[in-house]
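Structural description and commentary
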Amino acid sequence: MYTQGLDQQGKTENRRDSLETPERLEAFQARIDAEEKIEAKDWMPEAYRRTLIRQISQHAHSEIIGMQPEGNWLTRAPSLKRKAILLAKVQDEAGHGLYLYGAAETLGISRDRMVADLLSGKAKYSSIFNYPTLNWADIGAIGWLVDGAAIMNQIPLCRCSYGPYARAMVRICKEESFHQRQGFEIMHVMANGSEDQKAMAQDALNRWWWPSLMMFGPSDKDSKHSAQSMAWKIKRFSNDELRQKFVDVTVPQADFLGLTVPDPDLRFDETSGHYCYGEIDWQEFHDVIAGNGPCNRQRMETRRRAQDDGAWVREAARAYAAKHAAKAA
Amino acid sequence: MKPEDALLAYTLRLGDTALVLGQRLVELVTHGPELEEELANANFALDYIGQARMFYSHAAALEGAGRTEDDFAYLRDGQQFGNVLLVEQPNGDFGDTIVRQVLFETFYIRQLDTLTRCSDPGLAGIAARAVKEIRYHLRHGLQWLVRLGDGTGESHARVQASLHRLWPYCGELFAGDDVDEIVGTHYGGPDLSAIREQWEHEVHALLAEATLEVPDEPWMNAAGRQGVHTEHFGYLIAEMQFLKRAYPEATW
Ligand SMILES: [Fe+2]
Ligand SMILES: [Fe+2]
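Residues numbered from 1 in each chain as written. Chains lettered and ligands numbered in written order. Predicted model: local features only at pLDDT ≥ 70, side-chain atom pairs only at ≥ 80, totals over all residues. Heavy atoms only, no water.

This next bit is on the overall build of chain A. Scanning chain A from terminus to terminus reveals 13 helices and two strands. Relative to the 2.2 N^0.38 estimate, which gives 20 Å for 329 residues, the radius of gyration of chain A is 21 Å and therefore close to what a compact globule would have. Projected onto the principal axes, the alpha-carbon positions of chain A cover approximately 65 × 55 × 35 Å. Residue burial in chain A is summarised as follows: out of 329 residues, 57% are buried. Across chain A, every contact between residues at least 6 apart in sequence was considered, and the portion connecting residues at least 24 apart equals 80%. Taken as a whole, chain A presents about 13800 Å² of accessible surface, with 53% of it coming from carbon and sulfur. (Helix = DSSP H or I, 4+ residues; strand = E, 2+ residues; numbered from the N terminus. Rg over C-alpha atoms; globule rule 2.2 N^0.38 Å. Buried < 20%, exposed > 50% of the residue type's maximum accessible area, 1.4 Å probe, protein only. Contact = heavy atoms within 4.5 Å. Areas by Shrake-Rupley, 256 points an atom, 1.4 Å probe, with all protein chains shown as cover.)

Residues and elements named next belong to chain A. Protein ligation of the iron ion (ligand 2) involves Glu93 (OE), Asp147 (OD), Glu176 (OE) and His179 (ND1), the donor distances falling in the range 1.9 to 2.2 Å. Considering all four donor atoms around the iron ion (ligand 2), angles at the metal cover 87 to 154° and the coordination shape is irregular. Between the iron ion (ligand 2) and the iron ion (ligand 1), a spacing of 3.4 Å is present, and a bridge between the two is formed by Glu93. Highlighted residues: Glu93 in helix H4 (residues 80-105) and Asp147 in helix H6 (residues 137-154), separated in sequence by 54 residues. For the pair shown, Glu93 and Asp147 are each scored as buried. (Donors = N, O, S within 2.8 Å, 3.2 Å for Na, K, Ca; no water. Tetrahedral: all angles 85-135°; square planar, octahedral: opposite > 155°, others 65-115°.)

On to the packing of aromatic side chains. Counting across every chain of the model gives 25 aromatic pairs over all chains. Three or more aromatic residues link up through ring pairs in this structure, and these residues are Tyr48, Phe104, Phe107, Tyr108, Trp167, Phe174, Trp199 and Trp219 of chain B. The aromatic ring of Trp73 of chain A is capped on one face by Arg76 of chain A, whose charged end is 3.6 Å from the ring centroid. The residue whose ring lies beneath Lys245 of chain A is Phe237 of chain A, and the NZ or CZ to ring-centre distance is 5.3 Å. (Phe/Tyr/Trp six-rings, centres within 6.5 Å; stacked < 30°, edge-to-face > 60°. Lys NZ or Arg CZ within 6 Å of the ring centre and 35° of its normal.)

In this structure, Tyr48, Trp136, Tyr162 and Trp209 of chain A together with Leu103 and Phe104 of chain B are the most contacted members of the largest nonpolar core, which totals 179 residues. Sort the elements by how many residues they give to this core and helix H2 (residues 35-63) of chain B lands first, with 14 residues. If sequence neighbours within four positions are ignored, Phe104 of chain B has contacts with Thr17, Leu21, Tyr48, Val84, Leu86, Val87 and Leu173 of chain B. (Core = buried A, V, L, I, M, F, W, Y, C linked by side-chain atoms within 4.5 Å.)

With that settled, consider the environment of Leu98 of chain A. Positionally, Leu98 of chain A belongs in helix H4. Contact partners of Leu98 of chain A, with chain neighbours within four places excluded, come to Arg111 of chain A together with Leu35, Glu36 and Leu39 of chain B.

Right, let's get into unusual backbone geometry. All names here are of chain B. Of note, Thr30 is a non-glycine position whose phi angle comes to about 80°, a positive value. Position of Thr30 among the secondary structure elements: in the loop between helix H1 (3-27) and H2. Assessed through its relative accessible area of 8%, Thr30 is described here as buried. Of note in this structure, Thr211 is not a glycine but carries a positive phi near 55°. Structurally, Thr211 is set in the loop between helix H8 (192-209) and helix H9 (232-246). With a relative accessible area of 40%, Thr211 lands in the partly exposed category.

In structure tokens form, the structure reads like this:
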């Protein structure tokens, strides 16, 4: 998924109205245990609210930053049909960002504030989007693997205890599965195409495989948010469970494509019925999250530039609205 | 020129104009001034790419030589593209983009509207679909033109400068050649001088509403429809066509 549990933030805003008495906490947990949806106006513990804000805004930022690696090939798409499909996908991601910012806003944080946190580097986004798209098959690999991993993570979020997030995810998941299919189709065409195309497809898989596994976040033993998020039914499966599910689904797809998963330790384990995979390079994961991936700076610069270049436009819109509100009054 | 050749050339020019403008809008993806604009821009780009595909497919059918939409888009060189020069102009800032859209679409919507009643059913059908899309684009473009023109001092100055930059390319919109003439007489295509009159009337009123001045620059002589482009164009198609041309045997 796009949320990875990456945050390092911790400060609470003071909310005097939310006295967390044991009775209230207990009643809240009872509602969660009964699979009731928590709605924006309901009482909730501050930590629940903060966890959701962190997770949903991280998810929203990921949708927006995620437009860049794919947007990189829009002008060069090799057919008009592919150009239109990719454009529609990138547009969907912008829409996902919009619903998710909307869902986070129900928790009492403004979109401006979330965007400011992204641009200042305080808020994180999924590490996967800090890798470059170097050939057209990368567009296929992103749809197949990145959207595929996102779906794996997001389907359980459709049942998340927080109603507005769960509902946003239902809408998003429908589109993500279309994204996954179009990506797989690009890979399929290329893997069955010319020698050059096959080489591009393999090269893309080589570069995207491990970063895709990293999308599920740190392994369970190092994941600091998991237990509480599970109890609150924000999370339903652990990072490692979801990662395993992804590997189990994806390896046969790679076989079907005739491509080689770049993991010499990968093997099917008859007894467990799962694929065993090699050790993830957690140093790389932490480096990318710390800002030292191949494209971190570029992604943030692009976003900041768009924000700065648009400042006069947003200001004009505000000035115009104010003038006309004054005239109407 | 035989009427059917003129109709083919005319349809291709429509396809080229839609594709080139679509490609320019595609370049803007991830650079929008806010998220809502990102979505709107992608929508407009999709509409234009979609229109280009429809015009090209229709051209392919009219031509009957087995070419496809992608052959037209990817395997022709600059001098074979007959788009108007206004749409190939670089995006510039948001004001430039809005001005380009408004100047072009106030023309294009009239061209399409006439084509919905032309005697070639294929073209009429595409125009009927496209005209609805452009109506929606224009609503958006006009709102922004007024906001920018009547927004802050900076936005007013910027958008006025955009108008001055792009105004010279407007004359070409109304400078038809024999293709336009033949399509006019044989298929009921638009009368460009009539459109020009309506366009001037409308654009002057819009600029007044946006507190902007009608530029006094003369209209340049331009021949985009005949394949004579601005220097920007070579780069636009080089980028667009590179992958398809680098692997001519491949299908994607
Ligand atoms: Fe998405
Ligand atoms: Fe997606």
